[in-house]
Amino acid sequence: MAMKILLDTDIGSDIDDAVCLAYLLANPDCDLLGITTVTGDAENRGRMASALCKVAGKEVPIHLGAEQPMLIAQKQPNATQAKALTRWPHEVDFPKGGAVEFLRHTIRAHPGEITLLAIGPLTNIAALFTADPEIPKLLKGLVMMCGVFTNKLAGIGPLEWNAMLDPVATAIVYHAGVKIHRSIGLDVTEQVRMAPAEVRQRFQVPLLRPVLDFAEVWFTHRDSITFHDPLAAVTLFDETVCGFERGKVEVELKSERLAGLTHWKADPEGPHEVALKVDQQRFFEKYFSVF
């Protein structure tokens, strides 16, 4: 039976969200029940998600979520890759402001069956858990691309973008009691990169063509794609791609400069699972196998 998944995404900023969504749409083992957007320029993010759904031939509900973080100023106002949308048909109107209620209703309709994949700032998820405190226990699992948990890679961290864009939301989500509470952090995702030449060669299948157009916008100011979010998605279907260890994550809120920093301590009885390693070859094999 296909895995029931809800995706919360800030598609349109870093290219990896689109790379991730394409994988979910192509994967026959994924039953994508809905997509919610988070952070600024929500309409363009919804349109980008819609373009991929149309190429995949799937009607997936898309709901626009929070555009502003809790308590701090917005640091991600635009979905810059949306300028490539002119080449791809897409819906233009979406339900606004109802993302949290959509998530709540869908999770309650399938208790214990849904895995929530969060690959953007955690504003929507924190609002969901606050509005309905029973929701964490009704999830099958929560998997996030979030945080930095080791100092194994030089120059990586100490802050990670999703966590720092809404530190209060990040703290709320890490305090939630989800049965499976799993994080794939920047110190692991930075190990799965691809140069533009290989991207252009491998992204020629129909569902990756719009992603390639989005990527060309990305390549005007970046020299590679890092598969942050796709790595989190692939672990849903093959958790051996990453090596996880149980522990406890605390989120820094007292320091304005380090707000959103994820402190992790190994503990076999801890509530969180954190990825500490990745099999790069296995990941890329699993990712491209669905196309």
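Anything mentioned here points back to the structure above.
Owing to the predicted nature of the structure, the values given are computational and were not obtained by experimental measurement.

Here is what the cut-offs are and how they apply
Residues numbered from 1 in each chain as written. Predicted model: local features only at pLDDT ≥ 70, side-chain atom pairs only at ≥ 80, totals over all residues. Heavy atoms only, no water. Helix = DSSP H or I, 4+ residues; strand = E, 2+ residues; numbered from the N terminus. Buried < 20%, exposed > 50% of the residue type's maximum accessible area, 1.4 Å probe, protein only. Contact = heavy atoms within 4.5 Å. Salt bridge = Lys/Arg side-chain N within 4 Å of Asp/Glu carboxyl O. Phe/Tyr/Trp six-rings, centres within 6.5 Å; stacked < 30°, edge-to-face > 60°. Pairing = 2+ DSSP bridges. Axes fitted to C-alpha atoms, helices over the stretch in contact; angles between N-to-C directions. Parallel < 35°, antiparallel > 145°, perpendicular 65-115°, else oblique. Left-handed = near helix turned anticlockwise from the far one by under 90°.

This part covers unusual backbone geometry. The linkage connecting Gly157 with the following residue, Pro158, adopts the cis geometry, with an omega of 5°. Residue position: Pro158 is located in the loop between β5 (141–145) and α6 (161–165). A positive phi angle, near 85°, is found at Thr39, a position not held by glycine. Along the chain, Thr39 falls in the loop between β2 (30–37) and α2 (42–56). Here Leu71, not a glycine, exhibits a phi torsion of approximately 75°, which is positive.

Glancing now at the environment of Glu113. Along the chain, Glu113 turns up in the loop between α3 (99–109) and β4 (114–118). On the accessibility criterion, Glu113 (38% relative accessible area) is partly exposed. Along the primary structure Glu113 and Arg246 are separated by 133 residues, whereas in three dimensions their C-alpha atoms are 22 Å apart. Sequence-distant contacts of Glu113, defined by excluding residues within four places in its chain, comprise Lys4, Leu138 and Lys140.

Attention shifts here to the pattern of salt bridges. Scanning the entire structure with this criterion turns up 18 salt bridges. Its salt-bridge partner being Arg282, residue Asp238 comes within 2.8 Å of it at the nearest N-O pair. Taken together, the residues span a long stretch of sequence, with Asp238 in the loop between α11 (228–237) and β9 (242–251) and Arg282 in helix α12 (residues 280–288) at a distance of 44 residues. You can call Arg282 partly exposed: its relative accessible area is 31%.

Summed over the entire model, instances satisfying the criterion amount to ten aromatic pairs. Ring geometry for Tyr23 versus Phe237: centroids 6.0 Å apart, planes at 65°, classification edge-to-face. Here Phe237 lies in helix α11 and Tyr23 lies in helix α1 (residues 16–26), a separation of 214 residues in the sequence. Judged by relative accessible area, Tyr23 falls into the buried class, the value being 2%. You can call Phe237 partly exposed: its relative accessible area is 25%. Judged by centre distance (5.7 Å) and plane angle (85°), the ring pair of Phe227 and Tyr287 falls under edge-to-face. With a gap of 60 residues between them, Phe227 in the loop between β8 (225–226) and α11 and Tyr287 in helix α12 connect regions that are remote in the sequence.

On the basis of which strands lie adjacent, the open sheet formed by nine strands has the order β3-β2-β1-β4-β5-β6-β11-β9-β10 and mixed pairing. The open sheet has two free edges, formed respectively by β3 (62–64) and β10 (262–266), since each of these has just one partner strand. Direction aside, neighbouring strands of the sheet carry axes that sit 30° apart on average. Two strands pair when backbone bridges link them, and strand β1 (residues 3–9) and β4 are joined in this way by five bridges, in the parallel orientation. In the strand pairing of β4, Lys4 is matched with Ile114. Set on the sheet, α2 makes contact with β2 and β3; between it and β3 the angle comes to about 170°. Contacts from helix α4 (residues 123–131) reach β1, β2, β4 and β5, with the element oriented near 140° to β4.

On to helix α7 (residues 167–174). Most of α7 sits out of view: six of its eight residues are buried. Taken together, the buried positions of α7 are occupied by Pro167, Ala169, Thr170, Ala171, Val173 and Tyr174.

Take the packing of α1 against α2 next. Across the interface, α1 lies against α2 with an axial gap of 10 Å and an inter-helix angle of 30°. Compared by their axis directions, α1 and α2 come out roughly parallel. Considering only the axes of α1 and α2, their crossing is right-handed. Two secondary-structure elements touch here, α1 through Ala18, Leu21, Ala22 and Leu25 and α2 through Ala49, Leu52, Cys53 and Ala56.

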